[in-house]
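Inside the fold
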Amino acid sequence: MKTVEDENILKDICDSNGINYNALHRNNNGIDPHVQVLEMFFSGLPRLISLNPFPNLLKLVIVNQNIERIEGLDTCINLRELWITECKLTQIEGLSRCSHLQRLYLYANAITTIEHLGSLQQLEHLWLNENLITKIEGLASAKHLKDLNLASNQIKSIGASLGENTELEVLNLADNKISSFQDITILTALPKLRNIAFSDPVYGGKSPVASMANYHVHILYHLPYLEYIDGVHISTRQVAEQAEATVTKKKMWYHMKSKTLEREYDEFEIRLKQLRKKNEHIPEEHIRLLMRSLQQLKQELHLPEKHQRTRAGGDNKREKLEKQIELFRQRLVIWQNILNNLAAQYETAHFILLQQKAQLASRIQLELISGGNIRFEEGTVNDVWYNAAKDLLLSRFCSSIYNRYNITGIKIHRITRLFNRPKKLQFDHSLDYILEEEDDSIKTKSIQSKLEYLFYTTQPSRHYQNNQMHQLTTIESISEHGFPNVELYKSMGQEEAIPFSNSLAVTDYLRIEQAGYHNRDKYRFGSVLLAKVYIGSSTTIPTKELPFPDYQADPSITSKNHLNHASISRHVTFPERVSLKTEHCDCGTHQQQWFLFDPLHAYAEYIIEYEYLFSAANNTLSDQISRIKLGKIDELTIITYNEEVNQDNCILSSKDEENSLQIDELTEEILLEITKEKNLSNIVELNLACCNLHSIKFLSNLKNLRSINLAFNELVKLDELCYFYALESIDLSYNKLSTLDGMKGLTKLVYLIATNNFLRKSLDEVLILKRYCSSIKHLDLRGNPFDKMETYRARTLTLLPKLVTLDGINVTTDEREDAEECQNEVSCSVENLILHSRIYPYRPRDLRSYFIAKYYDIYTNDPLGFHQPKIDDIYWMSKVTSLCLNDVHLIQLPDLSNMICLRWASFDNNCLTKIQGLETLVKLEELSIENNFLKVIDGIENLLSLNRLNVSKNDITDIEGQVINNLPRLSYLAIDHNRLHSLAKLNACSTLIELYAGNNLIKNIRDIFHLKTLSNLLILDLWGNPICHEAEKYRLFIIYHLKSLRAFDGFAVEIQESGEARETFGGKLTADFIVEKLGHSDFSDIKHLELPQSSIRGVELNAQFPALKCINLEHNQLTSFSGLIYLPNLKVLCLNYNRVESILPRPTKPRLDHRGKPITENVDNRIVLENLEILHLAYNNISDLVTLQLNKIPSLRSLFLQGNEITKVEGLESLRNLRELVLDKNKIRLITETSFAFQTNLVELHLEENRIRELSFFDRMVKLEKLFLGTNKIPETMEIEKLTLLVCLNELSLINNPVSRKSTYRFFVMFKLPQIQILDEQLITEDERFRAEVYYAESMQQGVSTGNLNEYFPGFLTTNQQSTQQQQQQQQQQPMRINQLTFNDGYGSSYLIDQIRHRQMQIRAAAANISNPNGKNTNARFFPTDR
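This structure is a prediction, so every number in the text was calculated from the model and none was measured. (Residues numbered from 1 in each chain as written. Predicted model: local features only at pLDDT ≥ 70, side-chain atom pairs only at ≥ 80, totals over all residues. Heavy atoms only, no water.)

Some details on the overall build of the protein chain
Condition: The secondary structure listing takes helices from DSSP runs of H or I that are at least 4 residues long and strands from runs of E that are at least 2 residues long, numbered from the N terminus. Think of it in three bands: with a 1.4 Å probe and only protein chains considered, a residue is buried below 20% of the maximum accessible area for its type, exposed above 50%, and partly exposed in between. Contacts are assigned to residue pairs that have any heavy atoms within 4.5 Å of one another.
A count of helices and strands for the protein chain gives 36 helices and 53 strands. In the protein chain, buried positions account for 49% of the 1427 residues. Taking the intrachain contacts of the protein chain between residues at least 6 apart in sequence as the baseline, contacts between residues at least 24 apart amount to 54%.

Details of a positive patch on the surface
Going by this rule: Patches here: salt-bridge-free residues with over 30% relative accessible area, like charges joined within 9 Å, nonpolar side chains (Val, Leu, Ile, Met, Phe, Trp, Tyr) joined within 5 Å. Using a 1.4 Å probe, accessible areas were evaluated by the Shrake-Rupley method; residue-level cover was limited to the displayed protein chains. Salt bridges are defined as contacts in which a side-chain nitrogen from Lys or Arg sits within 4 Å of a carboxyl oxygen from Asp or Glu. Here the positive residues are Lys and Arg and the negative ones are Asp and Glu; neither His nor the chain ends is included. Just so you know, the charge point we use is NZ for Lys, CZ for Arg, CG for Asp and CD for Glu.
A cluster of basic residues, Arg1229, Arg1251, Arg1253 and Lys1273, forms a positive patch at the surface. Checked against the element boundaries, arginine 1229 lands in the loop between β48 (1220-1222) and β49 (1244-1246). Judged by its relative accessible area of 52%, arginine 1229 is exposed.

Observations concerning the sheet that holds strand β26 (residues 778-780)
Test applied: Here, a strand pair is defined by DSSP locating no fewer than two bridges between the strands.
Spatially, seven strands are ordered β22-β23-β24-β25-β26-β27-β28 in an open sheet, and the strand pairing comes out mixed. Either end of the sheet is taken by a strand with one partner, and the two such strands are β22 (685-687) and β28 (809-810). Where strand β23 (residues 707-709) and strand β24 (residues 729-731) come together, three bridges link them in parallel fashion. Bridging from a neighbouring strand, serine 707 pairs with serine 729 of β24.

Digging into the pattern of salt bridges
With the rule as written, the count across this model stands at 52 salt bridges. Here glutamate 367 and lysine 257 are joined by a salt bridge, their closest N and O atoms 4.0 Å apart. Within this pair, whereas glutamate 367 is found in helix α6 (residues 317-369), its partner lysine 257 is found in helix α5 (residues 238-302), the two being separated by 110 residues in sequence. The class of lysine 257 is partly exposed, set by a relative accessible area of 25%. For aspartate 266, the salt bridge identified is with lysine 953, shortest N-O distance 4.0 Å. A residue pair is termed long-range when its members are at least 10 positions apart, and aspartate 266 in helix α5 and lysine 953 in the loop between β34 (948-950) and β35 (958-959) qualify at 687 residues. Within this structure, Arg363, Glu378, Arg414 and Glu609 form a network of salt bridges that share partners.

Structural notes on the packing of aromatic side chains
The way to describe two aromatic rings as a pair is by their centre distance and the angle between their planes. Rules: Classification of ring pairs rests on two measures: the distance between centres of Phe, Tyr or Trp rings, Trp counted by its six-membered ring, which must be within 6.5 Å, and the angle between planes, read as stacked under 30 degrees, edge-to-face over 60 and tilted in between.
Summed over all chains, the structure comprises 38 aromatic pairs. The interplanar angle of 45° and the centroid separation of 6.1 Å between the aromatic rings of phenylalanine 1009 and phenylalanine 1037 together place this pair among those described as tilted. Taken together, the residues phenylalanine 1009 in the loop between β37 (994-996) and β38 (1019-1021) and phenylalanine 1037 in helix α26 (residues 1034-1041) connect sequence positions 28 residues apart. Here phenylalanine 1009 falls in the buried class, since its relative accessible area comes to 12%.

Regarding the nonpolar core
The condition is simple: Buried residues of nine kinds, namely Ala, Val, Leu, Ile, Met, Phe, Trp, Tyr and Cys, make up a nonpolar core once their side-chain atoms join them within 4.5 Å.
Grouped together as the largest cluster of nonpolar side chains are 148 residues, with contacts concentrated most on Leu927, Ile964, Ile1038, Phe1121 and Phe1258. Put simply, the parts of the chain that give this core at least two residues each are α23 (830-835), α25 (1027-1030), α26, α27 (1055-1065), α28 (1071-1078), α29 (1185-1188), α31 (1305-1312) and α32 (1326-1341). In terms of nonpolar packing, the next biggest core, distinct from the first, is built from 72 residues, Cys14, Leu120, Leu220 and Ile229 among them.

Remarks on helix α7 (residues 384-395)
In plain terms, the rule: Helices are assigned an expected span. That span is 1.5 Å times one less than the residue count. The directions from the helix axis to the C-beta atoms form the arc being described.
Here α7 spans 16 Å end to end across 12 residues, near enough to the 16 Å set by a 1.5 Å rise per residue. The complete set of buried residues in α7 reads Trp385, Tyr386, Ala389, Leu392 and Leu393. The buried residues of α7 occupy one face: seen down the axis, they fall within an arc of 135°. Looking at the buried residues of α7, the elements they touch are β13 (374-378), β14 (407-420), β15 (451-456), α13 (504-515), β17 (525-534) and β21 (602-614).

Digging into the sheet that holds strand β45 (residues 1132-1134)
Taken together, the 11 strands give an open sheet; going across it, the order is β42-β44-β45-β46-β47-β48-β49-β50-β51-β52-β53, and neighbouring strands pair in mixed fashion. The sheet is open, and its two borders are formed by β42 (1088-1090) and β53 (1322-1323), each paired with just one other strand. The sheet contact formed by strand β50 (residues 1266-1268) and strand β51 (residues 1291-1293) spans three bridges and is parallel. Bridging across to β51, leucine 1267 finds its partner in leucine 1292.

Section: the side chain of lysine 788
On the secondary structure map, lysine 788 appears in the loop between β26 and α20 (792-799). It is aspartate 955 that comes nearest to the buried, bridge-free lysine 788 among opposite-charge side chains, at 5.0 Å. Not counting residues up to four positions away in its chain, the partners in contact with lysine 788 are Arg795, Asn931, Asn932, Phe933, Lys953 and Asn954.

What about the packing of α26 against α27?
The packing of two helices is summarised by the inter-axis angle and the distance between the axes. Rule in force here: All axes are obtained by fitting lines to C-alpha atoms, using only the stretch in contact for helices, and the reported angles, taken between N-to-C directions, cover 0 to 180 degrees. Reported orientations rely on four angle classes, namely roughly parallel under 35 degrees, roughly antiparallel over 145, roughly perpendicular from 65 to 115, and oblique for the rest. Ten residues, namely Ala, Val, Leu, Ile, Met, Phe, Trp, Tyr, Cys and Pro, are considered nonpolar, four, namely Asp, Glu, Lys and Arg, are considered charged, and the remaining ones, Gly among them, are considered polar.
Following both chains from N to C, one finds α26 and α27 inclined at 95°, their axes separated by 8 Å at the closest point. Taken as axis vectors, α26 and α27 run roughly perpendicular relative to one another. Residues Arg1035, Leu1036, Phe1037, Ile1039 and Tyr1040 of α26 lie in contact with α27, whose contacting residues are Glu1057, Ser1058, Glu1060, Ala1061, Arg1062, Thr1064 and Phe1065. Across the contact of α26 with α27, the residue classes break down as six nonpolar, two polar and four charged.

Here we look at the pairing of strand β2 (residues 59-63)
In terms of burial, β2 is a largely internal element, four of the five residues being buried. Bridge count between strand β1 (residues 37-41) and β2: five bridges; the pairing is parallel. The residue of β2 that forms the bridge with glutamate 39 is valine 61. Taken together, the five bridges between β2 and strand β3 (residues 81-85) define a ladder with parallel strand orientation. For leucine 60, the partnering residue across the bridge sits in β3 and is leucine 82.

Notes on the confidence of the model for the protein chain
Selection rule: Looking at any residue, its pLDDT shows the predictor's confidence there, from 0 to 100.
Averaged over the protein chain, the pLDDT score is 85; the fraction of residues at 70 or greater is 88%. Scored below 50 in pLDDT, residues 1344-1362 makes 27 contacts in the model with residues more than four places away or belonging to other chains. In the predicted structure, residues 1367-1393 sits below a pLDDT of 50 and forms 26 contacts with residues beyond four places in sequence or in another chain.

Points about the side chain of histidine 778
You can see histidine 778 is positioned in strand β26. On the accessibility criterion, histidine 778 (19% relative accessible area) is buried.

Quick word on the environment of alanine 1061
Within the secondary structure layout, alanine 1061 lies in helix α27. Overall, the relative accessible area of 0% leaves alanine 1061 in the buried class. In this structure the C-alpha to C-alpha distance between alanine 1061 and tyrosine 1040, which are 21 residues apart in sequence, comes to 5.2 Å.

Comments concerning unusual backbone geometry
Although it is not a glycine, aspartate 807 adopts a positive phi angle of roughly 55°. Its place among the elements puts aspartate 807 in the loop between β27 (805-806) and β28.

Details of the packing of helix α19 (residues 762-772) against α20
Our working definition: Helix crossings get a hand from a simple test, with the near helix turned counterclockwise from the far one by less than a right angle marking a left-handed crossing and a clockwise turn marking a right-handed one.
In the contact formed by α19 and α20, the axes pass within 10 Å of each other and the chain directions differ by 20°. Between α19 and α20, the angle falls in the class roughly parallel. Both α19 and α20 take part in a crossing whose hand is right-handed. Here Ser762, Leu763, Val766, Leu767 and Lys770 of α19 lie close against α20, whose contacting residues are Tyr792, Arg795, Thr796 and Leu799. Of the residues in the contact of α19 with α20, the class split is five nonpolar, two polar and two charged.

Description of the environment of serine 96
Note on placement: serine 96 falls in the loop between β3 and β4 (103-105). For serine 96, a relative accessible area of 52% gives the class exposed. Along the chain, serine 96 and glycine 118 lie 22 residues apart, while their C-alpha atoms are 7.8 Å from each other.

Re a negative patch on the surface
Together, Asp814, Glu817, Asp818, Glu820 and Glu821 line one region of the surface with negative charge. Along the chain, glutamate 817 turns up in helix α21 (residues 813-821).

Observations concerning the environment of proline 224
Turning to its location among the elements, proline 224 is positioned in the loop between α4 (215-222) and β11 (228-229). Look at proline 224 and you get buried, because its relative accessible area is 14%. Put simply, proline 224 and arginine 845 are 621 residues apart on the chain and 9.5 Å apart in space, counted from C-alpha to C-alpha. When sequence neighbours within four positions are dropped, the list of residues in contact with proline 224 reads Arg237, Ala240 and Arg845.

Structure (structure tokens):
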């Protein structure tokens, strides 16, 4: 039957391809070697048969058949192309002999697994789209694969399955379930990939990742050489460059957040250490007292009689001393146990802080690598959702249930809202799917009623559970990947469902029970997920009492047992011994558990972090973590140990200091007497404890000394403790040593105790011991204020490998092995260098790769070592591009001169004291030497390609020369946690974008002026420097002066902050402003300040400018003198072209009393600027001189007020020393009786270009010498006659007045005011004066002309008489006009005339300059030297 069926199938194949079946069998025994292509379309082919008749077949196409298996191709060894599409295949098989196959198309089948492709090593095109594949696998052997189509499958992740397919060019993953950007990151391992698709309209859908925010940016950043994305052609490379720039900014932002988080928890760590130190103070002090007393008692046992203190008991004296010694030792053990307990508390609290820090750090990294599609928003009390979540948790807390643990309350520390875009889309899609069949309001309401907010927390791990599987159930994993499948919970020994509860006690009780309720520090802090859960059709099962301490899963809770239900619920009770019933508490009746079968029906929305509060506080360090974070460490947090202190007070002598030996200077007699020896050479052991020694010079004679006790002395240095070749043990505890330098030649030293001194430099001290005490085995340096204590023990064991005990703790085997691995000969060996070297040609595209050398050393997956140098390659060093030698305690760098291609290097957490050996690494782009012992930055001046430098956590105090400024590409500099005092040597690093300089010793806020030249600076961190707390409005000050900043001290610079900074500091003349302008802060030598056109709105100066005499502030925006009044020695002040209204600022609003009426304020009558002599206030729109408050500056000698809006001269009463007053170009109409009533010393007055008609009340200015009244409205000569009392007046100007146009005006002035020497800017000559006298003499003799007679005697002649007189005068000689007169310029006074004219030209030029608001005025014009 099978043969007949095969024959029929073969006939169909032949018929479909035009092959004569009968001829096939007649010729060549049924074999046709010429057939190369076979095609079968829509013919209902039931299965494949053997294709032996066609041995040379190259292409086989089978479309839309009933084929369920691939078979019969064993003889098709030459097959190049195979199409079996739209069939019923369920697996890939039968292709093992088709080793030449290049194209394989199996789309539109029901294949579930990619398998059995190992023999297809020449495969280039593989289409498996529209199948049921859930995982990419089985492609490792397809090295030449170029085109892979897996669209419309069930694939959730890419993973590392394509790592071997480096020739891949086209990849289609549209319409799958890929939802993470991390899968895109994995594709960076495919260097030839040019076409990628996660969305394709051909397949009618797209993968969830294609709906994510920043999808195209993320792809273009990681795969910059793509030509097609989702079928769209990328025409230019600018798109990829823009994506690169966008992602780079994001990486900078999140790196800043990571640095800020690290800095914040470093501060918490410092506070924790401070609290520990305060709690250790009393125990340490009592240990010191007990140790001192113990040393004295031991010493007393061995001293001669005359040194022993008299005691009762005689023969029992020694026995009593020994009992007392034993008592002291017991007390020491008690206090030491207290210290050990504090150390354990510190470790626990430290671990809690590290956990919290790691959790927050992982969130920051998750936000970055997800492209912002997973975000964590920390709530505040102002957020509605924060208060709602808080109230919900507090309402689900019942203290009666927690009574067993002495928990009385709960404190919420943080509530974080989780935005997981892909999981939210999945959750919404699952609800939409439920509504798909029937979309009506009733069903919608039903679904809404089945949505619950329930608690979820990570159940504690058990010893038999897989740790990797347990990680998938943690809050951190769920935040990223969502809730795992229920099978995972079953494999961990729990119900086959996701557990939720509406009670915090039910959710968290397993964690508390496993920790043990007595170990409250292990469960004090907790976190819980608040998830939105669709419980659907739920059924209830019997009530469950939670057993303690072990919980057994209910095997009946499975989806198979409840096929028609989406979840299971049950009521939960606690044992009677746990729950305390109260009359008003019915919480137990509402406590329920839900078990959800579908993870897509739950969405984690909030993360709540809390702390349990206990009825009886243990007062441990963990108890104080919350207070530590808030900085609330006070005396209430310090343990007093009253009971132990009282016990010590009963046994300690109050006269220890008096009872101790007092040895001023060591001598031979004293030493022999103490040791009871007869010769110094016989002294082997010496106890000099508690002798108040300041020097040990004489000890150099004790060459056979083996043991010496110098505890409790006053030793500061150890210069005399050298070359004791026999010395084996030294006790130097409780002295005042700041260094061990001086201990030389102690080659046999085995024991060294130097506790409780002032040793600070841990590395320096250990290196001294390494050099001079090579045999040391027991070292105790506790109680010293060492730096970098977190790595002290490991570092010391590495440098002193022979140590058996360190600080009283035995060295373990693991510690010794780690120390051996860090030995210099091991860490710098060729093998270790190769192990930590990489030869990647390009920088990684992973968003986690902020420091590339560290990234390549930690994250890269290179099991075959393709990117690792080979030891048999003699040129391997020249190929290395990345080197990471972290945590190996290097004292100096290995020889790297041959690594000429090295681009990225990291040497963090070592013992380097200087940078050397990098001179030849000219291609180095990134260098990290964090947490070492560098004291200065040098040795990198040749690294011209360097763009990232990290030297955080060192001891750097200075930057050598212009090293940093000589790096032309440096864009990132981390120099935080050092000891820098200034940023001056960064001023020329114009390429810098990120600068981290926090936790240094920068005290002067003006140091930031050195950064104003860094126009590219976007991120700056200075937190932790003294300026942060000492400078007023520190943040706004920095933001104002560094306008390019986008983030400062870990927070974005908001637009509102920039506006507030401008309002606060903009336009303020301050000492900082002057430092910025002048470039120095030596205010004592500043005499002149020229600051025109500086947009100054206010002045905030003080008496720190003692030498300042002259200020030019013209063309600014001042409205008052403000801070200028605090410059007591100021003599010249120019405020032209401002908006000055008054000398002192006027109050904005008057204060009101309880009835709403203005309160009369005390008048401020103080005198300011006592030495000011010259004041320029031209062009300030001043209208009221009284409001101007000129009476507060009585010392004025020259006042310039031209170009204002003054209408009345007043308010000058106090200016009695005024010599010069300029009021030109105002609107003055009238001079009143009080205008110049007190200006008796005025010498020069300018009133030109006003509206004056009368010249009354000028007679008070008896010393007036110069009067300028040009361009006014003086009509008649009779006004001029009013000036006759000004006997000192020698210069007068009335140009452009109506009176000046009269024919006899000039003669009249000369006649009436004979004291005038200069009139209208022209010198009056003697000839002119003579003619005027002749003219008026003749006129008087002839009865005076009508015009003159009527002028001087108004009303004397009638109208007819006047007319007759005029006619007679016209017939006679015409009167001489003033412009017809000839002046003799050389009338014996040519030199004087030249000087006068020159002076007039100066006055005119100055006036012209002042009237020009755009002109640049010089100091000479505004502040003439003759004033």
